[in-house]
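Chain by chain, the residues:
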Amino acid sequence: MTSDKEPHQETLDPADWEAFSTRLHSMLDAAIGKMRTASEGRVWTEPPEDLRTKFSLDGAAHSPDEVDSTLRYLLPYGAGNTHPRFLGWVHGSGTPANLAADMAAAAMNANTGGRNHGAIQVEREVIDWCRRLYSFPETTSGLIVSGTSMATIIGLKVARDSQLEFESRKSGVCGQKLVGYTSSEAHACIARAFDMLGLGSDALRRIPVTPDHIMDVSALKEMIAKDRADGCTPFMIAGTCGSVNAGTIDDLDTLADISDTEDLWFHVDGAFGALGILSDRLRPRLKGLERADSLAFDFHKWLHVNYDAGCILVRDGEAHLRSFSDRPDYLKSSERGLAAGSPWPVEFGPELSRGFRALKVWAHIAEHGEEKLGRLITRNCEQAAYLGELVQAAPDLELLLPVSMQICCFRYVRDGLSDEALNKLNEDIVIQLQLQGVAAPSTTRISGRLAIRVNITNHRTRFSDLDLLVREIERIAADLTSD
Ligand SMILES: *Cc1c(COP(=O)(O)O)cnc(C)c1O
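Keep in mind that what you see is a predicted model, and the values were worked out from it rather than measured.

**Student:** Quick rundown of the overall build of the chain? Include the residues and the values.
**Tutor:** The number of helices and strands found in the chain is 14 helices and twelve strands. Here the chain has a C-alpha radius of gyration of 25 Å; the compact-globule value for 483 residues is 23 Å, and the two agree. Relative to its 483 residues, the chain shows a buried fraction of 50%. Counted over contacts in the chain with a minimum sequence separation of 6, partners at least 24 positions apart contribute 72%. Accessible surface computed for the chain: about 23,300 Å², of which carbon and sulfur atoms make up 51%.

Shown next as structure tokens:
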């Protein structure tokens, strides 16, 4: 007997698959077009007034054509980080080929929290590639996450729980004065992890940096001794491999030594810098990274995987599991069938349902290979060094920090202007570069001075873009100072 209750049951699938195919190919063409012209036109365009109106949801159903044309309308209004002169903060520039992996992932609609299916296997292979890349031991576990901020929370939770023998999972930190150390140049995500882990951001000691902008290791040792004398419990050091202001790398080997001697967890924030392992130019500077207890880094920055994807690696996979594993009855594993394949990703992080980020990472590495990805990183460093030379050759530009990796911080100067006036002028220059669609550097402060900060984690940037940037800064500065 068959049920005739709903002969034409309503679903969310298209009624006409031929028409759907035409529709989707047209969106694919729009997406390819966006990538194909990534190097042309303005870098950034402020979203127009009517964008919000176009996207305001009235709850009614609209035709596919109408919905798709609204999607196409949005394409020009990104941050501009696919453009060769997007030079702000630390963004990756993305690739056209990643569209294919994203489509395949969307078609599978995989939930990678657990169970026994292909997507989980792919993620394990990506983690294993990372493990080998950083010469971590086979005991290593890992998880693909949204980015370094999430990776840091996970790494530091394992550190905290290991210190408190995993009792903290039930009873919290209960008055224990756990303290950790990072440099004053470290990224804010470490303090945020301290906050979220119930340690409080004050428990993260900001160790001053040397004139080379790396953690001052004697100040670190003094601080650890002082904390112990004061009855605090030091439990971890977070080294920086690629600082956001200066692109500098802490002395990781020495930090690993101190972590060993003091019996502390050694975490490394390698958001962009850890990928330097692929570059012949940077690899020698990363010595000590292979000794980290946990390493957080991004695929979406210097590897150019489309947003978002980052990674946490934990050397002691057993500790990682003990810090997160918690399988209630409805998530119990089995030996065979779909519930097999322990441990599941949900046992290594806070998320149960999660998408299939691993596929685009896998496809990216499989297509482009380590060598080419490394060469592009090296070229970005050469470009930052080239910009540093342009700055030094220009009488009205001042280099504010030596170029360490892919970041160049400088400012426009003019005789007779106070530091305060120069700060305002340089900020206005950056805003004009952005508003005029010419380039998108960002700003930071170096010893109180406002710097034009150029970060090149961009496989589309050409040397000529940097010539143009310098010319345009001089043009805009002349405009702003003429009255
Ligand atoms: C970008 C960045 C982070 C944060 O990473 P997200 O992927 O944005 O969460 C942390 N540390 C450094 C050094 C960074 O550059």
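**Student:** Tell me what's going on with the site of the ligand, and back it up with residues and numbers.
**Tutor:** Near the ligand you find 13 residues, and of these Ser149, Asp269, Asp298, His300 and Lys301 are the closest. Contacts to the ligand include histidine 300, whose side-chain N or O atom sits 3.0 Å from an oxygen atom. Expressed as a share of its isolated accessible area of 380 Å², the protein-covered part of the ligand is 85%. Among the residues forming the shell around the ligand, the class breakdown is four nonpolar, six polar and three charged.

**Student:** Hey, could you go over a nonpolar patch on the surface for me, with residue numbers and the actual values?
**Tutor:** Among the surface-exposed residues, Phe55, Val67, Leu71 and Leu74 lie close enough to one another that they form a single nonpolar patch of about 290 Å² accessible area. Per element, the largest residue contribution to the nonpolar patch is three residues, and it comes from helix H3 (residues 64-74).

**Student:** Outline the pattern of salt bridges, listing residues and values.
**Tutor:** Tallying each qualifying case throughout the model produces 24 salt bridges. Linking aspartate 230 and lysine 226 is a salt bridge whose minimum nitrogen-to-oxygen distance equals 2.9 Å. According to the relative accessible area criterion, aspartate 230 is partly exposed, its value standing at 44%. We classify lysine 226 as partly exposed; its relative accessible area is 46%. Several salt bridges share partner residues, and in doing so they unite Asp253, Asp257, Asp260, Lys287 and Arg291 into one network.

**Student:** Lay out the UniProt feature "modified residue: N6-(pyridoxal phosphate)lysine" (unreviewed entry) in the chain with the relevant residues and their values.
**Tutor:** Under the present numbering, the feature "modified residue: N6-(pyridoxal phosphate)lysine" (unreviewed entry) in UniProt falls on Lys301. Among the secondary structure elements, lysine 301 is positioned in the loop between strand E7 (294-298) and strand E8 (310-314). Among residues more than four places away in sequence, those in contact with lysine 301 are Val90, His91, Gly92, Ala271, Phe272 and Thr457.

**Student:** Account for the domain arrangement of the chain, with residues named and values stated.
**Tutor:** Splitting the chain by domain gives domain 1 (47-72), domain 2 (103-366) and domain 3 (370-481). A C-alpha centroid distance of 37 Å is found between domain 1 and domain 3.

**Student:** Help me get a handle on the sheet that holds strand E2 (residues 141-145), residues and values and all.
**Tutor:** If you trace the seven strands from one edge of the open sheet to the other, you get E2-E8-E7-E6-E5-E3-E4, paired in mixed fashion. This sheet does not close on itself; its edge strands, each paired only once, are E2 and strand E4 (204-207). On average, each strand axis in the sheet is inclined to that of its neighbour by 20°, with strand direction left out of account. For strand E5 (residues 233-240) and strand E6 (residues 265-269), the ladder comprises five bridges, and the chain directions are parallel. Bridge pairing in E6 links alanine 238 to histidine 267. Lying on the sheet, helix H8 (residues 188-196) is in contact with strand E3 (178-183), E4, E5 and E6; it crosses E4 at an angle near 160°.

**Student:** Break down H3 for me, citing the residues and quoting the values.
**Tutor:** Side chains that are three or four residues apart share a direction in an α-helix, a result of its 3.6 residues per turn. Along H3, the residues that are buried comprise Asp68, Thr70 and Tyr73. On its buried side, H3 packs onto helix H1 (17-36) and helix H2 (50-55).

**Student:** I'd like to hear about the side chain of threonine 112, residue by residue, with values.
**Tutor:** Here threonine 112 lies in the loop between helix H4 (98-108) and helix H5 (118-133). Judged by relative accessible area, which is 0%, threonine 112 ranks as buried. If near-sequence neighbours (up to four positions away) are discounted, threonine 112 is found in contact with His117, Ala119, Ile120, Glu123, Pro345, Arg354, Gly355 and Phe356.

**Student:** Explain the side chain of aspartate 293 residue by residue, including any values.
**Tutor:** One can find aspartate 293 in the loop between E6 and E7. Lacking a salt bridge, the buried aspartate 293 has arginine 315 as its closest oppositely charged neighbour, with an N-O distance of 4.4 Å. Apart from residues lying up to four places away in sequence, aspartate 293 is in contact with Leu264, Trp265, Phe266, Leu313, Val314 and Arg315.

Conventions we followed
Residues numbered from 1 in each chain as written. Predicted model: local features only at pLDDT ≥ 70, side-chain atom pairs only at ≥ 80, totals over all residues. Heavy atoms only, no water. Helix = DSSP H or I, 4+ residues; strand = E, 2+ residues; numbered from the N terminus. Rg over C-alpha atoms; globule rule 2.2 N^0.38 Å. Buried < 20%, exposed > 50% of the residue type's maximum accessible area, 1.4 Å probe, protein only. Contact = heavy atoms within 4.5 Å. Areas by Shrake-Rupley, 256 points an atom, 1.4 Å probe, with all protein chains shown as cover. Near = heavy atom within 4 Å. Polar contact = N/O pair within 3.5 Å; in protein donor to acceptor, adjacent residues only side chain to side chain. Nonpolar A, V, L, I, M, F, W, Y, C, P; charged D, E, K, R; others polar. Patch = residues over 30% accessible without salt bridge, like charges linked within 9 Å, V, L, I, M, F, W, Y side chains within 5 Å. Salt bridge = Lys/Arg side-chain N within 4 Å of Asp/Glu carboxyl O. UniProt positions renumbered as here; feature names shortened; annotations may be inferred. Domains from an automatic or database assignment. Pairing = 2+ DSSP bridges. Axes fitted to C-alpha atoms, helices over the stretch in contact; angles between N-to-C directions. Lys, Arg positive; Asp, Glu negative; His and termini not counted.

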